Amino acid sequence: MKKKLFFFLALVVCALSTKAQDKWTTEVYAGAYTLGMWDCKNPNSKPEIKLGVNEDYALNNKISLVSGIAVYKDQFDKTTSGVKTDIKAWYIQVPLNVRYYFPLGEQLHNAKLSFECGPYVSCGLGGKTTMTTNGAEAEYDTFGAEHFHHLEAGMNTSLRFHYSHVILGLSGRWGITPIGYYGSSAKSKSLGVQLGYEF
């Protein structure tokens, strides 16, 4: 896991060092999210933490194409027929969004709102699943055989407030493909807040 996080940080450094000055803008952000599931009854989800970097390419002064890379952790547990399943899964995510800016005027020091949406693809990096039955525990690879799929895809959207270099936002994602939770049709979803900085 440490090697994968080091690789992610290296990509962030490359993005910051190679961006052009006129049309490219780099954003780094951290977020906290609530995790939910479609077609999965009563999961006990834990807060999802996400770290990421985005590149914003301006098509004009109001519309941009936005993509980047993020690392996040999903974690939840569920008890069925006396068996408690505790799942931890790390993902790396790549979105491709269209962003529209709404300038708020000089009276707010050129602050602006932005709305964006588009598809994303997530790839499972690793994680552990622990099943507890009558006090006995068994541990598995979350992305091993018959467990979670390595690839997941869906749609994501966010609404952000930009002031100077600081970004505050609300963000959500809705999975379209099943995550592979023991052959079920469960799909992930999340809603949360972000704090970022723009270069």
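Before going into details, it helps to say that this report is about the structure given with it. Computed from a predicted structure; not experimentally measured.

A word on the layout of surface pockets. Space inside the largest pocket adds up to approximately 200 Å³. N60, N61, Y101, K112 and E198 are the residues nearest the centre of the largest pocket, which is lined by 16 residues in total. Those elements giving two or more residues to the lining of the largest pocket turn out to be β3 (48–58) and β5 (83–103). Taken together, the residues that form the lining of the largest pocket break down as 5 nonpolar, 6 polar and 5 charged.

Here is a general trend for soluble globular proteins: nonpolar side chains tend to be buried in one another's company. If you look at the biggest cluster of nonpolar residues, it comprises 10 residues: L35, Y72, F76, I87, A89, Y91, F143, F148, I179 and A186. Of all the elements in the fold, those that place two or more residues in this core are β4 (63–80) and β5. In terms of residues, this core owes the most to one element, β5, which gives 3 residues. One finds V53, I69, I92 and L125 within the second-largest nonpolar core, a separate group that totals 5 residues.

What follows is about empty space enclosed by the protein. This model, assessed by the stated rule, comprises 1 cavity of 30 Å³ or more. Contributing to the lining of the largest cavity are 17 residues, with Y29, K50, N156, S171 and Q194 lying nearest its centre. If you list the elements that add at least two residues to the lining of the largest cavity, you get β1 (24–38), β3, β5, β9 (151–163), β10 (166–175) and β11 (187–198). Counted by class, the lining of the largest cavity contains 4 nonpolar, 9 polar and 4 charged residues.

Moving on, we come to the packing of aromatic side chains. The tally for this structure, following the rule as stated, stands at 7 aromatic pairs. Both rings, one in Y72 and one in Y91, keep their centres 5.3 Å apart while their planes meet at 15°; by these two values the pair is stacked. Here the residue Y72 occupies a position in strand β4, and Y91 occupies one in strand β5, the gap between them amounting to 19 residues. Note on Y91: relative accessible area 2%, which makes it buried. One aromatic cluster is present, formed by Y72, Y91, F143 and F148 through successive ring pairs.

Here is what the cut-offs are and how they apply
- Residues numbered from 1 in each chain as written.
- Predicted model: local features only at pLDDT ≥ 70, side-chain atom pairs only at ≥ 80, totals over all residues.
- Heavy atoms only, no water.
- 1 Å grid on protein atoms, 1.4 Å probe; cavity = no way out; pocket = protein on both sides within 12 Å on 5 of 7 lines; lining within 4 Å.
- Points joined across faces, edges and corners; volume = space filled by probe spheres on them.
- Helix = DSSP H or I, 4+ residues; strand = E, 2+ residues; numbered from the N terminus.
- Nonpolar A, V, L, I, M, F, W, Y, C, P; charged D, E, K, R; others polar.
- Core = buried A, V, L, I, M, F, W, Y, C linked by side-chain atoms within 4.5 Å.
- Buried < 20%, exposed > 50% of the residue type's maximum accessible area, 1.4 Å probe, protein only.
- Phe/Tyr/Trp six-rings, centres within 6.5 Å; stacked < 30°, edge-to-face > 60°.

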